[in-house]
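A structural walkthrough
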Amino acid sequence: IEYAKGAGLDTTKACLDGTRQEILGETIDWINDTDPNVPSILWLSGSAGTGKSAIAQTIAHAMKDSGALGSCFCFEKGDVKRYTKLFSTISRDLAGRDLWLKQALASVVARDPSVATTADVTQQWENLIKEPLSAVSGDTIGRLVIVIDALDESGDSRTRKHILSLLTKQASTLPNNVRILITSRPLPDIRKAFDGALHVKRKSMDEIPLSLTERDIQSYISNQLSEADYSFSANEIVALAKRSDGLFEWARLACDRIMTDKAGLSELERYKKLMSQTASGGTRLLDDMYIVILKDIMGERPEELVLTRFRSVMRHVLFTLEPLPLEALITMHHTIQPEEDKYDAEATILRRMGSLLAGIHDRFMPIRPLHSSFHDFLIDKDRSGEFFVDEADAHIDLMLASLYVMRRELCFNICRLESSYLRNSEVGDLVQRVKQYISPQLSYSCRFLGHHVEGVILKAHIAAVLEDILCTERMLYWIETLSVLQLMGILHRCLATIVNWLEGYEQVILVAKDGIQLIQNFGGMISESIPHLYLSALPFLPEDSILSKLLSLKFPLIAKVVSGQLPTWPPFGCLLTGHTEKVYSVTFSHDGKWAASGSVDRTIRIWDAEIGVLVGGPFKGHTGPVTSVAFSPDGNLLVSGSKDETVCVWDTVTGSLTRDPLRGHSDWVWSVAFSPSDGKRILSGAWDKTIRIWNVSDGQQVGCPLTGHRAGVKSVQFFPNGELAASGSDDGQIRVWE
């Protein structure tokens, strides 16, 4: 029987021990699942360099060790005839593993010797795979795992056609104990074949969180550089891992370059040169590669129309504040296409760029450059030449696209709420409603319009579209949408940006300023209950409110203020409500944008100080009343003290504890503070008469407790230089500590 030499298991290409644990565990669970309805094929797809083959080799190795490996077949770029031996090679491997299968295969070949040497993959499958496996009981041979790696390198779509047909139409008829793991790039023909197959489980490398990939790449780099003469620090390894953008292949090439034995530069110098990406180093090589790929996609001498479309689409890919899924990106891009040149951005540009962009084969996955170097290449005119993508043009496109999407999709009661008697938090399915009624492109447009405004020079036609949003009921619909998304603070900052941008458009400026006043005075209420934007805010706008004059007639059924209506907006002030018991402590972040509060209700809350809405929390973790809160200098952390005798450090973005509570005090902790210069230390004072200093990085106590007070310590604070600390106590004394 024909056999492909060199196509089998190669343990040197397996994952480094301890890496890729999540995806490996998921794959093993799929293999071990005894449910008869479990898909028999797992297709692991991903772009070049993401580590698919390493995962395939690791699974194959693990299955071999457990006795479950039937065969591992690896395609290789350039070996154009290897596909003709795919199933014959697998059949020989199966026969070598199990005596019963060997006897069944021998019977087939004895009956028809020609099947042993045929290049017809359909005959191979029917005679060498399907028939022997069907003749042997699954209970006899146990689990059977077949790994097919790099299917995309099996040739072209023509050579793969019959293989894909067999895998999608025939594999489901194999015994339930057989599992087939396939890896490949998501080429159109492979994707089309597998997407419609019920017995194929699809897993994309894009679905693996970047944080997990970077963690594993750090381990890989640390291992590869462990034998270097220079001892690379953890920070240097982390920086190199982040530069890889999740590409193991890039990390491998980087390590090879650093560890090369070429004379002239030390390992550290090669590292620094690689990180700096100077024109004489890696950048030029990357640029050459990108130019070759782009010309392969668009032609050696691309037509100007093709280049214009390419730049237009890439402006949306490169300069969105967060990557958009394919469907949303196409929708936004279509709004700014000129009437004389309407085209399908997916078919004409994006679908052909699978080697450079992630997410283009799944309409719900974010689209982004596979590597940050591609982004850097395209936005540098000296490097990219005719492929250059201009940022200023991108902000114009994205601002207009955002406005057009908002003009088309914003509407009254966007989430179809039935009652004004419920708080937003009491609408049980509000999250599902947001997903159903607020499209990704509308969400993006409402959230990031202000950012794109900042990058645009004022132009009359853009200002006219903006006026159509601000000076109509869409202004209220925008507020409503951001309230649903719990992002009211964004609107305040966006409107402030617009006020500064709209020079000469006095009417629109006044409307934007009126919107800021509305948010400042009613933002907390609207954040609590969306319908009350219309029921309680709009009727009580002041007499001189431009929004009231423009919009009240649009909502004739709302309440009317008969007497006592405010003539103008009052001085700003807001009431922050949410705690259920006494509030012991409040503090501002160093930039003044946030306020934090700690309460007897054992929670901590973070508020937008500009409009008075809750932006973080309630943070829960203390088992006693929270007595003191303080922000770190950069605002990323919050420290709290409590009557539960602990000090907690919180991530202000996620609301999670950065580590277990800091323990050491033997009584209530009354006061906490961060060192103001660097935020690396925490000071705490407690009713146990002591002051303690803690390291933020590891949570360890620094030195011994500071003692001297004869009663409980009620207040502590660092001096501005961080070298001294002061404490106040119930003993009537203030002490200064070095």
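Keep in mind the model is a prediction, meaning the values are calculated, not measured.

**Comments concerning the UniProt feature "repeat: WD" (unreviewed entry) in the protein**
In the numbering adopted here, UniProt assigns the feature "repeat: WD" (unreviewed entry) to residues 576–608, 619–660, 662–704 and 706–738. Note that residues 619–660 is 0% helix and 48% strand, and that its end C-alpha atoms are spaced 14 Å apart.

**Quick look at the packing of helix H9 (residues 210–224) against helix H10 (residues 234–243)**
Orientation of H9 relative to H10, taken along the N-to-C sense of each, is 125°, at an axis distance of 9 Å. Of the possible angle classes, the one that applies to H9 and H10 is oblique. Every pair of crossing elements has a handedness; the one defined by H9 and H10 is right-handed. Residues Glu-214, Ile-217, Gln-218, Ile-221 and Ser-222 of H9 lie in contact with H10, whose contacting residues are Ile-237, Val-238, Leu-240, Ala-241 and Lys-242. Across the contact of H9 with H10, the residue classes break down as six nonpolar, two polar and two charged.

**Some points on the sheet that holds strand S18 (residues 691–695)**
Read from one edge to the other, the open sheet built from three strands follows the order S16-S17-S18, with strand pairing classed as antiparallel. A strand with exactly one partner marks an edge of an open sheet, and here the two such strands are strand S16 (669–674) and S18. Taken over all neighbouring pairs, the strand axes of this sheet differ in orientation by 20° on average, direction set aside. Where strand S17 (residues 681–686) meets S18, five bridges bridge the pair, whose relative direction is antiparallel. Of the residues in S18, the one forming a bridge with Arg-681 is Asn-695.

**A word on the packing of aromatic side chains**
A complete count under the given rule lists 18 aromatic pairs for this structure. Between the aromatic rings of Phe-412 and Tyr-534, the centroid separation amounts to 4.8 Å while the plane-to-plane angle is 70°, which identifies the pairing as edge-to-face. Taken together, the residues Phe-412 in the loop between helix H19 (391–409) and helix H20 (430–437) and Tyr-534 in helix H26 (residues 532–537) connect sequence positions 122 residues apart. Classification of Phe-412 as partly exposed rests on a relative accessible area of 46%. Residue classification places Tyr-534 among the buried positions, given a relative accessible area of 6%. An angle of 65° between the planes, with centres 6.3 Å apart, marks the rings of Trp-670 and Trp-687 as edge-to-face.

**Some thoughts on the sheet that holds strand S10 (residues 603–608)**
Taken in spatial order, the four strands line up as S8-S9-S10-S11 in an open sheet, and their pairing is antiparallel. Across the chains shown, the open sheet's two edge strands, defined by having one partner strand only, are strand S8 (583–588) and strand S11 (614–620). Here the average twist between neighbouring strands, direction ignored, is 15°.

**Focus on the pairing of S16**
Of all six residues in S16, six are buried; the element is thus mostly enclosed. Judged from the five bridges that link them, S16 and S17 form a sheet pairing that is antiparallel. Looking at S17, one finds that Phe-674 is bridged to Ile-682.

**Regarding the pairing of strand S19 (residues 713–718)**
Examined bridge by bridge, S19 and strand S20 (residues 725–729) share five bridges and lie antiparallel to one another. Residue pairing across strands places Val-713 opposite Ser-729, the latter belonging to S20. Hairpin connection of S19 to S20: six residues between the antiparallel strands, including Gly-722 at a positive phi of 75°.

**As for the domain arrangement of the protein**
Taken domain by domain, the protein consists of domain 1 (21–207), domain 2 (210–277), domain 3 (304–389), domain 4 (395–554) and domain 5 (583–737). A straight line from the C-alpha centre of domain 1 to that of domain 2 covers 35 Å. Between domain 1 and domain 2, the contact holds four residues from the first and six residues from the second. Roughly 390 Å² is buried in total at the junction of domain 1 and domain 2, and carbon and sulfur atoms are behind 50% of that figure. It is Glu-22, Gly-49 and Thr-50 that lose the most area in domain 1 upon contact with domain 2, and together they represent 80% of the buried surface on that side. Inspection of the region where domain 1 meets domain 2 yields one salt bridge. In this structure, Glu-22 engages Arg-215 in a salt bridge whose closest nitrogen and oxygen atoms are separated by 2.8 Å. Our count for the contact surface shared by domain 1 and domain 2 stands at one residue pair in polar contact (both at pLDDT 80 or more). Residue classes in the side of domain 1 that touches domain 2 are distributed as one nonpolar, two polar and one charged.

**Quick look at the packing of helix H23 (residues 474–484) against helix H24 (residues 488–501)**
It is at 8 Å that the axes of H23 and H24 come closest, and there the two elements cross at 140°. With respect to each other, H23 and H24 are oriented oblique. Of the residues in H24, those touching H23 at Met-475, Trp-478, Ile-479, Leu-482 and Ser-483 are Met-488, Leu-491, Cys-494, Leu-495 and Ile-498. Its residues placed into classes, the contact of H23 with H24 shows nine nonpolar, one polar and no charged.

**Focus on the pattern of salt bridges**
By the definition in use, this model includes 27 salt bridges. Lys-203 is paired through a salt bridge with Glu-26; the nearest N and O atoms lie 3.3 Å apart. Taken together, the residues Lys-203 in strand S5 (residues 200–204) and Glu-26 in helix H1 (residues 21–32) connect sequence positions 177 residues apart. Given a relative accessible area of 13%, Lys-203 falls into the buried group. Classification of Glu-26 by relative accessible area gives partly exposed; the value is 30%. Among the salt bridges present, the one from Lys-554 reaches Glu-473, with a minimum N-O distance of 3.9 Å. In this pair, Lys-554 sits in the loop between helix H27 (546–551) and S8 while Glu-473 sits in the loop between helix H22 (460–470) and H23, placing the two residues 81 residues apart along the sequence.

Rules of the game
- Every chain begins its residue count from 1, and numbering advances along the sequence as written.
- Reporting of local features is limited, given that this is a predicted model, to residues whose pLDDT is at least 70; pairs of side-chain atoms are given and counted only at 80 or more, and all residues count toward the totals for whole chains, interfaces and linings.
- Where side-chain values are given, they derive from all heavy atoms of the structure, hydrogens and water being excluded.
- UniProt positions are given in the numbering used here, feature names are shortened, and annotations may be inferred rather than shown by experiment.
- Every helix listed is a DSSP run of H or I at least four residues long, and every strand listed is a run of E at least two residues long, numbered separately from the N terminus.
- Working convention: axes come from line fits to C-alpha atoms, limited for helices to the stretch in contact. Angles between N-to-C directions cover 0 to 180 degrees.
- Roughly parallel covers angles under 35 degrees, roughly antiparallel covers those over 145, roughly perpendicular covers 65 to 115, and oblique covers all other angles.
- Crossings are assigned a handedness: left-handed for a near helix turned anticlockwise from the far helix by less than a right angle, right-handed for a clockwise turn.
- Residue contacts are defined here by distance: any two heavy atoms, one from each residue, within 4.5 Å place the two residues in contact.
- Note on residue categories: nonpolar means Ala, Val, Leu, Ile, Met, Phe, Trp, Tyr, Cys or Pro, charged means Asp, Glu, Lys or Arg, and polar means any other residue, Gly included.
- Between any two strands, at least two bridges found by DSSP are needed for them to pair.
- Any two of the Phe, Tyr and Trp rings considered here, Trp counted by its six-membered ring, make a pair once their centres fall within 6.5 Å; the pair's planes then place it as stacked at under 30 degrees, edge-to-face at over 60, or tilted in between.
- Working definition: with a 1.4 Å probe on protein chains only, accessible area under 20% of the residue-type maximum means buried, over 50% means exposed, and in between means partly exposed.
- All the domain ranges listed were derived from an automatic or database domain assignment.
- Here the buried area means the combined drop in accessible surface, using a 1.4 Å probe, for two parts upon being joined, counting both sides.
- Salt bridges are identified by distance alone: a Lys or Arg side-chain nitrogen within 4 Å of an Asp or Glu carboxyl oxygen.
- In protein, a polar contact means a hydrogen-donor-capable atom and an acceptor-capable atom, both N or O and within 3.5 Å, with residues adjacent in sequence counting only if both atoms are side-chain atoms; elsewhere, any N or O pair within 3.5 Å suffices.

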